Amino acid sequence: MILSLAPMEGITGHVFRRVHAECFGALDCYYTPFLPPPRVGNRFGGKAFKEVDPANNQGLNVVPQLMSKNADEFVWAAQVLADMGYREVNLNLGCPSGTVVAKGKGSGFLHNLDELEVFLSDVCERSPLPVSVKTRLGLENDDEYERVLELYCRMPLAELIVHPRVQKDRYTGSPRKEFYGETLERAPFPVAYNGDIFDLEDMDALVEAYPGTRHVMLGRGLLANPALARMVKGGPAATAAELQRFHDTLFAAYAEEIGGNAVFRMKEWWFYAKCAFADPATVHKLVRKTKKVDEYRAAVERVFREQPLAPTARFYDYVAKSCTPASKDVERCRLWMPAYMFGSAGEWSLGNHCVERDELSESLRACLPMALCFCVKGFKDRFTHTCR
């Protein structure tokens, strides 16, 4: 069984990959968060270069993921990556962010299958590296996947990674695994699964239903339980001491990389890591209000000193699980309000939960005044927000 780490913008970058491999053992494969290809004739620079710099990925099997609808730039980037020693390049056709989709990229590329077919035929023919794809089923409904899959089956892909949701689902609802099963049966190339594998029961259920499974990409499940891949291979669960060592090593690495912003980067990790504890709501409250390094360290020490681990570390949104629909909207507003007020125009997110001005439900808009009262005191607690 091949186990890989999903590309998650702002979280599973080169620092996280290196520290996770050091503390819990390397996965079989790591995919970089999506990178825009450089213009033809240029090289990767800045943050993108750090992601693909071989020095930052030593000892790891890393597959760079590109997001593009420009075939020439994709092929050029693939050549640059080949020269750096990479052996595969992945195309992002799964990102559900409204900002990305509006540009016809990520899962938005699935809106125009004729254009996508021309693009894939071109890059698969000219790329010096094998091209794999990470995809969703479509944009709005599952019926779209029939034509999408037919298109893929005509392409010489290195692999197809299927996240069986549509774009409008974002990360809500249950993945429709039957479409993954259909892909296993029909595709002439290797197929991988991605979506809501949060514990051993989820993995066992997937393999039992689809014995042909050979590659599973882990995302939120591994962030909540860093030992998940090890457990799938028959190893032990993480101890509190291991989890604390992982945290401390990760925090130190981020501090070296980005200085004082490490606190805010770690808060993104805690969005998932809180689920390793028996009382994730309390963990969340202890960590989220910290701003300075000393405050953050004290809060984390208190978490590991006072909060026991959950019997089974499993990602779940404790807000969604514990709130009524009305109170859930208030809570969503309270959590998102700092990002809404201080974020960039268009789209804000907390973890994987994106929100756009024009996508606020009527009930959510109605809760804004009440939510404002909840968070006035904490407006300056700018909880990390990154566009997905």
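For the structure itself, look to the data block above.
These notes cover the structure that comes with them. Please read all numbers here as calculations on a predicted model, not as lab measurements.

Considerations on the overall build of the protein
A tally of regular secondary structure across the protein gives 17 helices and eleven strands. Counting over 388 residues, the protein shows a buried share of 56%. Nonlocal contacts in the protein, meaning residues at least 24 apart in sequence, comprise 74% of its contacts between residues at least 6 apart. Accessible area for the protein stands at about 16600 Å²; split by element, carbon and sulfur atoms hold 52% of it.

Structural notes on the side chain of Arg 17
Mapping Arg 17 onto the fold places it in helix α1 (residues 14–24). Only 2.8 Å separates the side chain of Arg 17 from the side chain of Glu 51, close enough to count as a polar contact.

Here we look at the packing of helix α11 (residues 240–258) against helix α14 (residues 293–306)
At a minimum axis distance of 11 Å, the contact between α11 and α14 shows a crossing angle of 170 degrees. One finds that α11 runs roughly antiparallel with respect to α14. Touching Ala 240, Leu 243, Gln 244, His 247 and Phe 251 of α11 are Val 293, Tyr 296, Arg 297, Val 300 and Phe 304, all from α14. Split into classes, the residues belonging to the contact of α11 with α14 amount to seven nonpolar, two polar and one charged.

Quick look at the packing of aromatic side chains
Summed over all chains, the structure comprises 17 aromatic pairs. On the numbers, 5.0 Å between centres and 65 degrees between planes, the contact of Trp 269 with Trp 270 is edge-to-face. Accessibility classification places Trp 269 together with Trp 270 in one group, the buried group. An aromatic cluster is defined as three or more aromatic residues linked by ring pairs; in this entry it consists of Phe 16, Phe 24, Phe 246, Trp 269, Trp 270, Phe 277 and Phe 304. Over the ring of Tyr 254 we find Arg 265; its NZ or CZ atom is 5.6 Å from the centre of that ring. Above the plane of the ring of Phe 271 lies Lys 274, whose end atom (NZ or CZ) is 4.1 Å from the centre.

Structural notes on empty space enclosed by the protein
Once rolled over the atoms, a probe with the size of a water molecule shows which space is left empty. All told, the structure shown has four cavities of 30 Å³ or more when counted by the stated rule. Here the largest cavity defines a volume of roughly 380 Å³. Forming the walls of the largest cavity are 26 residues, and the residues nearest its centre are Ala 6, Pro 7, Met 8, Lys 134 and Tyr 171. Those elements that provide at least two residues to the lining of the largest cavity are β9 (215–218) and α9 (220–224). Considering only residue class, the lining of the largest cavity consists of eleven nonpolar, nine polar and six charged.

Focus: unusual backbone geometry
Its identity is not glycine, yet Arg 170 carries a phi of approximately 50 degrees, on the positive side. Structurally, Arg 170 can be placed in the loop between β7 (159–162) and α7 (177–186). The phi dihedral of Asp 196 is positive, around 60 degrees, even though this residue is not glycine. Along the polypeptide, Asp 196 turns up in the loop between β8 (191–194) and α8 (200–209). Given a relative accessible area of 18%, Asp 196 falls into the buried group.

So, α7
Helical periodicity: at 3.6 residues per turn, an α-helix aligns residues three or four positions apart in one direction. For α7, the full list of buried residues reads Phe 179, Tyr 180, Gly 181 and Thr 183. The secondary structure elements touched by the buried residues of α7 are α6 (145–153), β7, β8 and α8.

A word on the sheet that holds strand β6 (residues 131–135)
Read from one edge of the open sheet, nine strands run β3-β2-β1-β9-β8-β7-β6-β5-β4, paired in parallel fashion. The open sheet has two free edges, formed respectively by β3 (62–63) and β4 (65–66), since each of these has just one partner strand. Note that strand β5 (residues 89–93) and β6 share five bridges and pair parallel. Bridging from a neighbouring strand, Asn 92 pairs with Lys 134 of β6.

Remarks on the pattern of salt bridges
This model, assessed by the stated rule, comprises 22 salt bridges. Here Glu 146 and Arg 186 are joined by a salt bridge, their closest N and O atoms 3.1 Å apart. Separated by 40 residues along the polypeptide, Glu 146 in helix α6 and Arg 186 in helix α7 bring together distant segments of the chain. Taking the relative accessible area as the measure of exposure, Glu 146 reaches 36% and is therefore partly exposed. Among the charged side chains, a salt-bridge network with shared partners connects Asp 72, Asp 122 and Arg 126.

So, how was this worked out
Residues numbered from 1 in each chain as written. Predicted model: local features only at pLDDT ≥ 70, side-chain atom pairs only at ≥ 80, totals over all residues. Heavy atoms only, no water. Helix = DSSP H or I, 4+ residues; strand = E, 2+ residues; numbered from the N terminus. Buried < 20%, exposed > 50% of the residue type's maximum accessible area, 1.4 Å probe, protein only. Contact = heavy atoms within 4.5 Å. Areas by Shrake-Rupley, 256 points an atom, 1.4 Å probe, with all protein chains shown as cover. Polar contact = N/O pair within 3.5 Å; in protein donor to acceptor, adjacent residues only side chain to side chain. Axes fitted to C-alpha atoms, helices over the stretch in contact; angles between N-to-C directions. Parallel < 35°, antiparallel > 145°, perpendicular 65-115°, else oblique. Nonpolar A, V, L, I, M, F, W, Y, C, P; charged D, E, K, R; others polar. Phe/Tyr/Trp six-rings, centres within 6.5 Å; stacked < 30°, edge-to-face > 60°. Lys NZ or Arg CZ within 6 Å of the ring centre and 35° of its normal. 1 Å grid on protein atoms, 1.4 Å probe; cavity = no way out; pocket = protein on both sides within 12 Å on 5 of 7 lines; lining within 4 Å. Points joined across faces, edges and corners; volume = space filled by probe spheres on them. Pairing = 2+ DSSP bridges. Salt bridge = Lys/Arg side-chain N within 4 Å of Asp/Glu carboxyl O.

By themselves these figures say nothing about function.
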